[in-house]
Amino acid sequence: MSNGQFDQGTPKMDINLPKVQPNVVRLIIVVVLVMMVARSTFYTVQPEEQAVVLRFGAFEPDRVKGPGLHFKMPLGIDEVILVPVQRQLKQEFGFRSTGQSRDQRTEYKTIEDEANMLTGDLNAAEVEWVVQYRIQDPERYLFRVNNVEDTFADLSEAVMREVVGDRTVNEVITVGRSQVADLMHQKLQRLVDLYDMGLVVDQVVLQNVNPPSRVKPSFDEVNRSEQDKETTINQAQEERNKLVPKASGTALAMVEEAEGYALDRVNRSKGDAARFLALYAEYRKAPEVTRTRFYLETMDEILPKVGKKLVLDDEAGGVLPLLNLDGVTNKPGGGS
């Protein structure tokens, strides 16, 4: 069957399309253009943002707008860039947050290329940290440095490697963590100001600092040994604190007792010497009287202790008085 025969045998169908008035078409086009212009004329800035308006790609300081509804030139004359100046931003290093698990815990994924670092004592450590920052100046943030976020990340990693490289692995992992974070904060802010990036660093947080996983068991064993050593030292120090004050108190008491005894002996000796000197002075004034007094005082003290005694006068003339001497001469210590 030829094409002519086929065309002759096919019935023709007439389709009647509605006629569109040219005025209606023009009106629709005008309405669409007006809506497009109106949509590109107004923009809204959120409370935490500032808008930087570029006219033909050029920046003017007076075109930085705050929160609210604002007008701009349509059809691409003005370009609006919204900058979140009040929002706290953060960058993660050595790990990435991958979301939350079913029990609402945040899950992390370690980035070994960023986390692995060399310490000052030539040991390895895995350091994970977070830098929290804000945009302080939209103009400097947008136009002073290309790829400001990537540049900021490179600066943060470089500064952390410098700070960790100046310390031992024990300092980085244990007691020196706060110092590392503070020094990192200061140095990073100085570099940001030097590059004129328009950012302010709020905080540097060391998320996790550990030895590499392959040597972590050995490192933990060393840490346990160090803790046992510290415990033993603390116990010895506690015993020392108990015994030394007690011994010091005992020694002080003995010294004070000896000093008191010495003072008593000295005072007694001084008193005896003063008494002797006083007696000697009186003796020199009247030797006979003093000797007689000494003799009488001595006999008064001695005679009551010697028992019964018989005293005879030298001038008795050899006459033996009639005395009952029984029991006198036979007593021990007796005399005539």
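As a reminder, the structure under discussion sits directly above these lines.
Enquirer: How do you make sense of the overall build of the protein when you look at a structure like this?
Expert: Scanning the protein from N- to C-terminus turns up 9 helices and 11 strands. Burial statistics for the protein: of 336 residues in total, 22% are counted as buried. Considering only contacts in the protein between residues 6 or more positions apart, those separated by 24 or more positions represent 68%. Entry remark: accessible area of the protein is about 25,100 Å², with carbon and sulfur atoms responsible for 55%.

Enquirer: Looking at this model, I keep getting lost on the packing of helix 8 (residues 216–285) against helix 9 (residues 287–302). Mind explaining?
Expert: Packed helices, taken two at a time, are described by their axes: the angle between them and the distance between them. It is the contact of helix 8 with helix 9, at a shortest axis distance of 5 Å, that shows an interaxial angle of 125 degrees. The orientation of helix 8 relative to helix 9 falls into the category oblique. Residues Leu279, Glu282, Tyr283, Arg284 and Lys285 of helix 8 pack against Pro287, Thr290, Arg291 and Phe294 of helix 9. Considered class by class, the residues forming the contact of helix 8 with helix 9 number 4 nonpolar, 1 polar and 4 charged.

Enquirer: Just checking my understanding: could you explain the sheet that holds strand 5 (residues 78–83) for this structure?
Expert: Strand pairing in a sheet relies on backbone hydrogen bonds. The paired strands run either parallel or antiparallel. Within the open sheet, the 3 strands sit side by side as 3-2-5. Their pairing is antiparallel. For this open sheet the edge positions go to strand 3 (58–65) and strand 5, each flanked by a neighbour on one side alone. Each adjacent strand pair in this sheet contributes to an overall mean axis angle of 30 degrees, direction not counted.

Enquirer: I tried to follow the side chain of threonine 119 on my own but got confused; where do I start?
Expert: With respect to the helices and strands, the residue threonine 119 is situated in the loop between strand 9 (116–118) and strand 10 (124–135). For threonine 119, a relative accessible area of 3% corresponds to the buried category. When sequence neighbours within four positions are dropped, the list of residues in contact with threonine 119 reads Ala125, Val164, Gly165, Arg167, Thr168, Val169 and Val172.

Enquirer: Please clarify how the nonpolar core should be interpreted in this entry.
Expert: One recurring pattern in soluble globular proteins is that nonpolar side chains are buried together. If you look at the biggest cluster of nonpolar residues, it comprises 38 residues, and the most contacted ones within it are Val127, Trp129, Val131, Phe152, Met160 and Leu199. For this core, the secondary structure elements donating two or more residues are strand 2 (50–55), strand 6 (89–93), strand 10, helix 5 (148–165), helix 6 (169–173), helix 7 (177–195) and strand 11 (199–210). Per-element tally for this core: the top contributor is helix 5, with 8 residues. The contact partners of phenylalanine 152, leaving out residues within four places of it in the chain, are Gln91, Val131, Tyr133, Leu188, Val192, Met197, Leu199 and Val201.

Enquirer: I'm lost on a nonpolar patch on the surface in this one. Help?
Expert: On the surface, Ile28, Ile29, Val32, Leu33 and Met36 cluster together to form a nonpolar patch covering roughly 470 Å² of accessible area. By the secondary structure assignment, isoleucine 29 is in helix 2 (residues 22–39). With relative accessibility at 47%, the residue isoleucine 29 sits in the partly exposed group.

Enquirer: Hey, could you run me through the packing of helix 5 against helix 7 in this one?
Expert: The contact between helix 5 and helix 7 brings their axes to 9 Å, and the two run at 140 degrees. When the axis of helix 5 is compared with that of helix 7, the two are oblique. Considering only the axes of helix 5 and helix 7, their crossing is right-handed. For the pair formed by helix 5 and helix 7, the contact residues are Phe152, Leu155, Ser156, Val159, Met160, Glu162 and Val163 on the first element and Val180, Leu183, Met184, Lys187, Leu188, Leu191, Val192 and Tyr195 on the second. Looking at the contact of helix 5 with helix 7 residue by residue, the class counts come to 12 nonpolar, 1 polar and 2 charged.

Enquirer: I'm lost on the pattern of salt bridges in this one. Help?
Expert: In a structure, side chains of opposite charge can pair up when their charged atoms sit close to one another. For the structure on display, the rule yields 15 salt bridges. A salt bridge links lysine 90 to glutamate 92, with the nearest nitrogen and oxygen atoms 3.5 Å apart. Close ionic contact of aspartate 137 with arginine 140 constitutes a salt bridge, the shortest N to O distance being 3.2 Å. Judged by relative accessible area, aspartate 137 falls into the partly exposed class, the value being 23%.

Enquirer: Would you explain the packing of aromatic side chains in this entry?
Expert: We describe a pair of aromatic rings using the distance from one ring centre to the other and the angle between the two ring planes. Tallied over the entire structure, the rule returns 5 aromatic pairs. Centroid distance phenylalanine 42 to phenylalanine 71: 5.8 Å. Interplanar angle 70 degrees. Geometry classified as edge-to-face. Of this pair, phenylalanine 42 sits in strand 1 (residues 42–45) while phenylalanine 71 is found in strand 4 (residues 68–71), placing the two residues 29 residues apart along the sequence. Classification of phenylalanine 71 as exposed rests on a relative accessible area of 52%. Taking the centre distance of 4.9 Å and the plane angle of 10 degrees together, the rings of phenylalanine 93 and tryptophan 129 count as stacked. With phenylalanine 93 in strand 6 and tryptophan 129 in strand 10, this residue pair connects regions lying 36 residues apart in the sequence. Take phenylalanine 93: its relative accessible area is 3%, and that puts it in the buried class. Note on tryptophan 129: relative accessible area 0%, which makes it buried.

Conventions and cut-offs
Residues numbered from 1 in each chain as written. Predicted model: local features only at pLDDT ≥ 70, side-chain atom pairs only at ≥ 80, totals over all residues. Heavy atoms only, no water. Helix = DSSP H or I, 4+ residues; strand = E, 2+ residues; numbered from the N terminus. Buried < 20%, exposed > 50% of the residue type's maximum accessible area, 1.4 Å probe, protein only. Contact = heavy atoms within 4.5 Å. Areas by Shrake-Rupley, 256 points an atom, 1.4 Å probe, with all protein chains shown as cover. Axes fitted to C-alpha atoms, helices over the stretch in contact; angles between N-to-C directions. Parallel < 35°, antiparallel > 145°, perpendicular 65-115°, else oblique. Nonpolar A, V, L, I, M, F, W, Y, C, P; charged D, E, K, R; others polar. Pairing = 2+ DSSP bridges. Core = buried A, V, L, I, M, F, W, Y, C linked by side-chain atoms within 4.5 Å. Patch = residues over 30% accessible without salt bridge, like charges linked within 9 Å, V, L, I, M, F, W, Y side chains within 5 Å. Salt bridge = Lys/Arg side-chain N within 4 Å of Asp/Glu carboxyl O. Left-handed = near helix turned anticlockwise from the far one by under 90°. Phe/Tyr/Trp six-rings, centres within 6.5 Å; stacked < 30°, edge-to-face > 60°.

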